[in-house]
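Below are the chains, spelled out letter by letter.
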Amino acid sequence: MSKIKKNKWLRWGSVSIMCIGMLFVMCSCDKKENKKNKLVKEYTRDVFAMDTYMTLKVYSDDGKKAESTLDESVREIEKLDDMFSVGNDQSEVSILNESGSEFVSKDFLKVIKRAEEISKDTDGAFDITIFPLMEEWGFVNKNYKVLSDSEIKKILEYVDYRKVDIDENEDFVSIDENSKIDLGGIVKGYASDSVMEIIKKNNIENAVISLGGNVACIGKNKDNKLWKVAIKDPDNVDEYLGSVEVSNKSVITSGGYERYFEKDGKKYHHILDPKTGRPSESGVISVTIISNDGLFADALSTSLFVMGKEKAENYWRKHSKEFDYILKTDSGEVILSEGVENNFSSDYEYVVVKK
Ligand code: ADP
Ligand code: MG
């Protein structure tokens, strides 16, 4: 059952606020001494990739190790960008979309396989074949256009994740004619998982990375406390909906305010409902997913946005061990799943969904 709570808002004053994309990670970033009394410093890298600004921060007493970890992370992000960018006709996804069938790389196979499973599991709220719609609405080339019902009907014939065939043993993917793949709703989550792996492999214990709205936190902040990730208020992006405290988790948000165009006073955003072929109007205006699995969290932030609050609640009940969520609706409700309740602070009243 649900209950209503009201918490006191955070004390922002004592921490420095670092603005990255649509989330704000709050951390104190000066030097500290580690257990062996060596000086731990912050090492930062800013990257523009996957159409968004990214910031990577690692904390270490070994500058060389920190810098080489950051180098390796940036190379990984650039590699994945080259692989999954639908705007680049030389990317692996574009080559597959063009030819209809290809042998694919291991990374590509991993992402498309999970994306297909999630498409199935969300009953098509997430759909890897969304590309023809994204393209016609103009989100790929920024040639925005409001589509008519008949145009949408025609394109919808090609939007169906069942039109993709993945042969895992052969690393081979084929797509029906006219259907095309877009993994933009999942790839930043995969990239954040890959970077987290690189950081851990290099024995760096504390780090925070933000790939646009996708934040992943390792270890603790310099005060040895959980990382605090603040979530933008979709009704007023200069304000916060609240914040969540985490360690070793991804916090990933999808909001209609992230990318949209306006025509005749109406806003059209980039999260499309594969059933209607239009920008999703489920009543949900932002979803944050908290999970150990960044790829899953990224796909689900898009999926729950499309599902709407009731279906999102039911979906969470089936997967409550794998993720938690915080969402806001167009009528101003803030709803969160019980697993995140103790780590969430907000000025808003909110409803907690129980198992
Ligand atoms: P952002 O990319 O802004 O962080 P999301 O993670 O919600 O936001 O992903 C939105 C992207 O996902 C779109 O740009 C598009 O590439 C893709 N997309 C949009 N709608 C869907 C959908 N219903 N299913 C799968 N992918 C989608
Ligand atoms: Mg997403």
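Residues numbered from 1 in each chain as written. Chains lettered and ligands numbered in written order. Predicted model: local features only at pLDDT ≥ 70, side-chain atom pairs only at ≥ 80, totals over all residues. Heavy atoms only, no water.

Focus on the site of ligand 1
So, step 1. Taken together, 18 residues are adjacent to ligand 1, and Asp182, Lys188, Ser254, His270 and Leu272 come closest.
So, step 2. A distance of 3.1 Å separates an oxygen atom of ligand 1 from a polar atom in the side chain of arginine 259.
So, step 3. If ligand 1 stood free it would expose 570 Å²; the protein chains cover 96% of that surface.
So, step 4. Split by residue class, the shell around ligand 1 holds seven nonpolar, five polar and six charged. (Near = heavy atom within 4 Å. Polar contact = N/O pair within 3.5 Å; in protein donor to acceptor, adjacent residues only side chain to side chain. Areas by Shrake-Rupley, 256 points an atom, 1.4 Å probe, with all protein chains shown as cover. Nonpolar A, V, L, I, M, F, W, Y, C, P; charged D, E, K, R; others polar.)

Side note on the nonpolar core
So, step 1. Formed by 68 residues in total, the largest nonpolar core has its most connected members in Phe108, Ile112, Leu183, Ile186, Leu304, Phe323 and Tyr325.
So, step 2. Residue contributions to this core peak at nine residues, all from helix H7 (residues 294-307).
So, step 3. Apart from the residues lying within four places of it in its own chain, the contact partners of leucine 304 are Val284, Val287, Ile289, Ala312, Tyr315, Phe323 and Tyr325.
So, step 4. One finds Tyr59, Trp227, Val229 and Leu336 within the second-largest nonpolar core, a separate group that totals 20 residues. (Core = buried A, V, L, I, M, F, W, Y, C linked by side-chain atoms within 4.5 Å. Buried < 20%, exposed > 50% of the residue type's maximum accessible area, 1.4 Å probe, protein only. Helix = DSSP H or I, 4+ residues; strand = E, 2+ residues; numbered from the N terminus. Contact = heavy atoms within 4.5 Å.)

Points about the coordination of the magnesium ion (ligand 2)
So, step 1. Taken together, Gly185 (O), Asp298 (O), Asp298 (OD) and Thr302 (OG1) make up the protein donors of the magnesium ion (ligand 2), found 2.2 to 2.8 Å from the metal.
So, step 2. Binding-site remark: the magnesium ion (ligand 2) is held by donors from one chain whose sequence spacing is G-x112-D-x3-T. In this pair, glycine 185 sits in the loop between strand E9 (172-175) and helix H6 (187-201) while threonine 302 sits in helix H7, placing the two residues 117 residues apart along the sequence.
So, step 3. The class for glycine 185 is buried, based on a relative accessible area of 19%.
So, step 4. Since its relative accessible area comes to 17%, threonine 302 is described here as buried. (Donors = N, O, S within 2.8 Å, 3.2 Å for Na, K, Ca; no water.)

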